[in-house]
Amino acid sequence: MSIISNSCLSQMRLFHFSPPRPHGKSFAHRSELKQAKRIVVKLGSAVVTRDECGLALGRLASIVEQVAMLQNEGREMMIVTSGAVAFGKQRLRHEILLSQSVRQALHSGQNQLKEMSVPVLEARACAAAGQSGLMALYEAMFTQYSTCTAQILVTNLDFHDEQKRRNLNSTLHELLRMNIVPIINTNDAVVPPPVPNSDLQGVNVISIKDNDSLAARLAVEMKADLLIALSDVEGLYDSPPGTDDAKLIDIFYPGDQQSITYGTKSRVGIGGMEAKVKAALWALQGGTSVVIANGTHPKVTGHVITDIVEGKKVGTFFSEVKPAGPSVEQQTEMARHAGRTLASLLPEQREEIICHLAELLTEKKDEILSANRKDMEMATALINRLSLSTAKLNSLAIGLRQLAVSSRDSVGRVLRRTRVANNLELEQITVPIGVLLVIFESRPDCLPQVSALAIASGNALLLKGGKEASNTNKILHQLTQEALSIHGVSDAIQLVSTREEVEDLCRLDKMIDLIIPRGSSQLVRNIQRAAKGVPVLGHSEGVCHVYIDSDASIDKAIDVVRDSKCDYPAACNAMETLLIHRDLLRTPIFDQIIDMLRNEQVKIHAGPRFASYLTFSPSEVKSLRTEYGDLECCIEVVDSLQEAVDHIHKYGSSHTDVIVTENEDTAEQFLQQVDSACVFWNSSSRFADGYRFGLGAEVGISTARIHARGPVGLEGLLTTKWVLRGEGHTVADFSEQGSMKYLHENIPVPHGSFN
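In the annotation of an unreviewed UniProt entry, the entry for the chain reads Delta-1-pyrroline-5-carboxylate synthase, and the organism field reads Amphiprion ocellaris. Under the heading Function (unreviewed entry), UniProt records this for the chain: "Bifunctional enzyme that converts glutamate to glutamate 5-semialdehyde, an intermediate in the biosynthesis of proline, ornithine and arginine." According to its UniProt record, the chain has this under Subunit (unreviewed entry): "Can form homodimers/multimers."

In structure tokens, the structure reads:
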């Protein structure tokens, strides 16, 4: 073993480290990787090198930045690196070409030089020439982050000789204690060539034949919590990457080796995926968790290491704990397959499933409420949203029966029929979207509502509920599957019970067709950010307004404001800002509204203009875009209808806005001009709800300017496809030389026509 001390030792900063966690058991779940204290990062040849000779400097710089950041967070980082041979080959080639050109110039005396060839370079010589330069590069990069490094070169003897092994172990521990990042490599200048097919042996013996086996041995020797092996593939696939059916394996368990086939090794390096898997399993058996991931992809290299440590779904995670149920990817495949069968059922069969679910909600109410009480006992917040009651279950059942009736007129409905030409007819028909992912917080009553909508529209459904309602969600999902089983499609609706992060679910862009978040504005915003490539249906905020016009009725104004704010303050359709016409200030209607709000214990925040009219005003509002979600609201003054409309457009969220007035012309102007999903006249904002609209249920309220806006029920979960029926027609038939002409005649579609 040789050690080259670093010149930055004089800059060394001593940190107090908490003792590492007890070693011997690897992490069972990705989410636990955040606890990793001691981490080994293995950089394969394909990661370090740009081509067969030369280093990928930009890639290395981003990796160094991540390692330095984790080191400065208090973790103990070690790097096992390749690249010395490639760097040395680059240097030696340059030197050989330079010396050849000089010799030719001296011997010929002319400027015309013959074409020069570079001899085959021996790997050990290249390693000897490249090792110092590689280390100097690492040192310069880490210095930018005030992080010290030290180089350690090892061979098999350093692990097999007991005294050398103890010395190596002691040196590494001392470097980590001094907050130095050890950079380890095999001493390729002296080691014999690797035996290509030699296998890894036993738990206590592993042959150091490449940097994969070196990293595994080192990780176990140093009792590392995590080994991150970076290569040029995304992770481990069930068949060689690049083949049509190859799928990335999210979690790999010991014993799964027989289910995969290995491809060829990378263009550089002496290992391959089979060697990586064997080394990873050896490290896992020794108590170190392992993730194999891509360190070369330009879009992820800059955060691949930190993403892994944060527990994100990157690469392949090796785990000894196999979950009892299927993975979320398997659940999605099961849902899609059963969903296609669900979509092909007769409308009467889907109606029967929904009606059976409605019956189960009332028949099994004792079991449901018992599970709900367990959740309530453990809950610390959002009690109202979490709570179920007999009345709520009865209301749910009524809504589901309404939906069952409307489901008859859903999938396969003919919207348009056109005679394109003689014997060539075109139809536009309704079809399911595909696989829906609905993520909801706290409210377990959402589960049967959304499930019924998915059944009615023939969509497969993946549900992710909040852990605070896990017991209630579990029983409701069981009842949903019981209802689906009467027509053999119980797998069409899946409840994700594994420890999947919401962000990871949003990345299933090849499996999910639409994401629908149901919860806080923060949840919706997080999902909208995380969902790249998958449409998101929903709204991030519910800043709803009630405008009291100068011609408003006192009684209607008081009733509408009270209900809009106080009926359910946490709802997204509750009033958050009360706009009052200036002419109503210091009038009986204004005084009675204020008295009512105070009696209801509503905390009032004054808008800037309202505050200017008062000598002693309530607390001035911090933002006119605030969604309070509680017994609080903002009051602001406007001079006219147009000013009220402008205020709503500027500060509202396009959710639900209300006018209270007896002037029909003013009301119609408001209804036409306000560009929100729901606009009401003399009605509470709380009516913005799928059940109250007669939709039976809703998956949520959309404020997006797309086909589904406002409360989204059955219609919003359908898309269309075009069906063309011909008799051997070709486009050439309709060319200038062709014998046919387009007719494009609309054919009347009788109500209730189905494909």
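Trainee: What is the right way to read the overall build of the chain from this model?
Mentor: A tally of regular secondary structure across the chain gives 23 helices and 25 strands. Taking all 755 residues of the chain together, 51% fall into the buried category. Only carbon and sulfur atoms are counted for the fraction: they give 50% of the accessible area of the chain, which is about 34,500 Å².

Trainee: For this particular structure, what's the right way to read the nonpolar core?
Mentor: Taken as a class, soluble globular proteins show a tendency for nonpolar side chains to be buried jointly. Grouped together as the largest cluster of nonpolar side chains are 50 residues, with contacts concentrated most on I353, I368, L461, L463 and V699. With eight residues, helix α15 (residues 446-457) is the largest single contributor of residues to this core. Within the second largest apolar cluster, 41 residues are counted, among which are F159, L172, L214 and A219.

Trainee: What is the right way to read the sheet that holds strand β25 (residues 745-746) from this model?
Mentor: Whenever strands of a sheet pair, they do so through backbone hydrogen bonds, lying parallel or antiparallel. The strand order across the open sheet built from four strands is β24-β11-β10-β25, with neighbouring strands paired in antiparallel fashion. In this open sheet, the two edge strands, each paired with only one partner strand, are β24 (718-725) and β25. Alignment of strand β10 (residues 414-421) against β25, held across two bridges, turns out to be antiparallel. Residue pairing in the sheet places R419 in a bridge with E745 of β25.

Trainee: I'm lost on the pattern of salt bridges in this one. Help?
Mentor: Pairing is possible between side chains of opposite charge, provided their charged atoms come close. Throughout the structure, instances matching the rule amount to 39 salt bridges. Residue E162 pairs with R166 through a salt bridge whose shortest N-O separation is 3.5 Å. Taken together, the residues span about one helical turn, with E162 and R166 both in helix α6 (residues 162-177) at a distance of four residues. The exposure class of E162 is partly exposed, given its relative accessible area of 39%. Taking the shortest distance from any N to any O, the salt bridge between E600 and R562 comes out at 3.4 Å. One end of the pair, E600, is in the loop between α20 (588-599) and β18 (603-606); the other, R562, is in helix α19 (residues 554-566), and 38 residues separate them in sequence. Accessibility expressed as a relative area gives 30% for E600, which makes it partly exposed. One connected set of salt bridges, linked through shared partners, spans D307, E310, K312, E503, D504 and R507.

Trainee: Any chance you could explain empty space enclosed by the protein here in plain terms?
Mentor: In this approach a probe as big as a water molecule rolls over the atoms, and the regions it shows empty are the leftover space. Tallied over the full model, the rule gives two cavities of 30 Å³ or more. Put simply, the largest cavity is a space of about 50 Å³. Lining the largest cavity are K42, D212, A215, L227, A229, K276, A279, A280, V290 and I292. Of all the secondary structure elements, the ones that give two or more residues to the lining of the largest cavity are α7 (211-221), β6 (226-231), α8 (273-285) and β8 (289-294). Of all the elements, α8 adds the most residues to the lining of the largest cavity, at three residues. Taken together, the residues of the lining of the largest cavity sort by class into seven nonpolar, no polar and three charged.

Trainee: Sorry, what's going on with helix α14 (residues 390-406) here?
Mentor: Given a rise of 1.5 Å per residue, 17 residues ought to cover 24 Å, and the 25 Å separating the end C-alpha atoms of α14 matches this to within 8%. Residues of α14 that are buried: L393, L396, A397, G399, L400, L403 and A404. In a view along the axis of α14, the buried residues occupy a sector of 170°, so they form one face of it. Buried positions along α14 lie against α11 (347-363), α12 (365-378) and α15.

Trainee: Where do I start with helix α22 (residues 641-651) in this structure?
Mentor: Working note: α-helix, 3.6 residues per turn, so residues spaced by three or four point in the same direction. All of the buried residues along α22 are L641, A644, V645, H647, I648 and Y651. Considered in projection along α22, the buried side chains sweep an arc of 160° and stay on one side of the axis. Where α22 is buried, its residues meet β16 (544-548), β17 (575-581), β19 (632-638), β20 (656-660) and α23 (664-673).

Trainee: Any chance you could explain unusual backbone geometry here in plain terms?
Mentor: Note: most residues except glycine have negative phi, and most peptide bonds are trans. If you check the backbone angles, K223 has positive phi at about 55° while not being a glycine. At H744, a position not held by glycine, the phi torsion is positive, near 50°. Structurally, the position occupied by H744 is in the loop between β24 and β25.

Trainee: Any chance you could explain the side chain of S457 here in plain terms?
Mentor: Relative to the helices and strands, S457 is located in helix α15. Owing to a relative accessible area of 0%, S457 belongs among the buried residues under this scheme. For S457, the side chain forms a polar contact with the main-chain oxygen of L453, separated by 2.7 Å. For S457, the side chain forms a polar contact with the side chain of N459, separated by 2.7 Å. Once residues within four sequence positions are removed from consideration, S457 is found in contact with V411, P432, L714, L717 and L718.

Trainee: Which parts of the structure should I look at to understand the sheet that holds strand β13 (residues 460-464)?
Mentor: On the basis of which strands lie adjacent, the open sheet formed by four strands has the order β14-β13-β12-β15 and parallel pairing. Two strands bound the open sheet, and with one partner strand each, they are β14 (493-495) and β15 (514-518). Each adjacent strand pair in this sheet contributes to an overall mean axis angle of 20°, direction not counted. The sheet contact formed by β13 and β14 spans three bridges and is parallel.

Trainee: Could you clarify how one ought to interpret the pairing of β20 in this entry?
Mentor: The two faces of the sheet receive side chains in turn, since in a regular strand these alternate between them. The buried fraction of β20 is high, at five of five residues. Of the two faces of β20, the one holding T656, V658 and V660 and the one holding D657 and I659 are both buried throughout. The sheet contact formed by β20 and strand β21 (residues 678-681) spans four bridges and is parallel. Bridge pairing links I659 to W681 in β21. For the crossover from β20 across α23 to β21, the handedness is right-handed.

Trainee: Explain the packing of aromatic side chains to me, please; I cannot follow it from the model alone.
Mentor: Considering all chains together, one arrives at five aromatic pairs under this definition. Centre to centre, the rings of Y547 and F670 are 6.4 Å apart; their planes meet at 20°, and the pair counts as stacked. With Y547 in strand β16 and F670 in helix α23, this pair connects stretches of sequence that are 123 residues apart. Each member of the pair Y547 and F670 is classed as buried. Seen from their ring centres, F680 and F693 are 6.4 Å apart, and the 65° between their planes marks the pair as edge-to-face. One end of the pair, F680, is in strand β21; the other, F693, is in the loop between β21 and β22 (700-702), with 13 residues separating them in the sequence. Taking the relative accessible area as the measure of exposure, F680 reaches 11% and is therefore buried. The partly exposed category is assigned to F693, whose relative accessible area is 40%.

Trainee: Can you help me understand the pairing of β15 in this one?
Mentor: Among the five residues in β15, five count as buried, and that is most of the element. Judged by which residues are buried, β15 turns out to be covered on both faces: L514, I516 and R518 on one side and I515 and P517 on the other are all buried. Looking at chain direction, strand β12 (residues 435-440) and β15 are connected through five bridges and run parallel. Paired with F440 across the strands is R518, a residue of β15.

Trainee: Is there a simple way to think about the environment of L70 in this case?
Mentor: Looking at where L70 falls in the secondary structure, it is placed in helix α2 (residues 57-72). Judged by relative accessible area, L70 falls into the buried class, the value being 2%. Sequence separation between L70 and I305 is 235 residues; the distance between their C-alpha atoms is 9.1 Å. Beyond its immediate chain neighbours, meaning those up to four positions away, L70 contacts R75, M77, I305, T306 and V309.

Reading the values: the criteria
Residues numbered from 1 in each chain as written. Predicted model: local features only at pLDDT ≥ 70, side-chain atom pairs only at ≥ 80, totals over all residues. Heavy atoms only, no water. UniProt positions renumbered as here; feature names shortened; annotations may be inferred. Helix = DSSP H or I, 4+ residues; strand = E, 2+ residues; numbered from the N terminus. Buried < 20%, exposed > 50% of the residue type's maximum accessible area, 1.4 Å probe, protein only. Areas by Shrake-Rupley, 256 points an atom, 1.4 Å probe, with all protein chains shown as cover. Core = buried A, V, L, I, M, F, W, Y, C linked by side-chain atoms within 4.5 Å. Pairing = 2+ DSSP bridges. Salt bridge = Lys/Arg side-chain N within 4 Å of Asp/Glu carboxyl O. 1 Å grid on protein atoms, 1.4 Å probe; cavity = no way out; pocket = protein on both sides within 12 Å on 5 of 7 lines; lining within 4 Å. Points joined across faces, edges and corners; volume = space filled by probe spheres on them. Nonpolar A, V, L, I, M, F, W, Y, C, P; charged D, E, K, R; others polar. Expected span 1.5 Å × (residues − 1). Arc of directions from axis to C-beta. Contact = heavy atoms within 4.5 Å. Polar contact = N/O pair within 3.5 Å; in protein donor to acceptor, adjacent residues only side chain to side chain. Axes fitted to C-alpha atoms, helices over the stretch in contact; angles between N-to-C directions. Right-handed = clockwise from strand over helix to strand, strands pointing away. Phe/Tyr/Trp six-rings, centres within 6.5 Å; stacked < 30°, edge-to-face > 60°.

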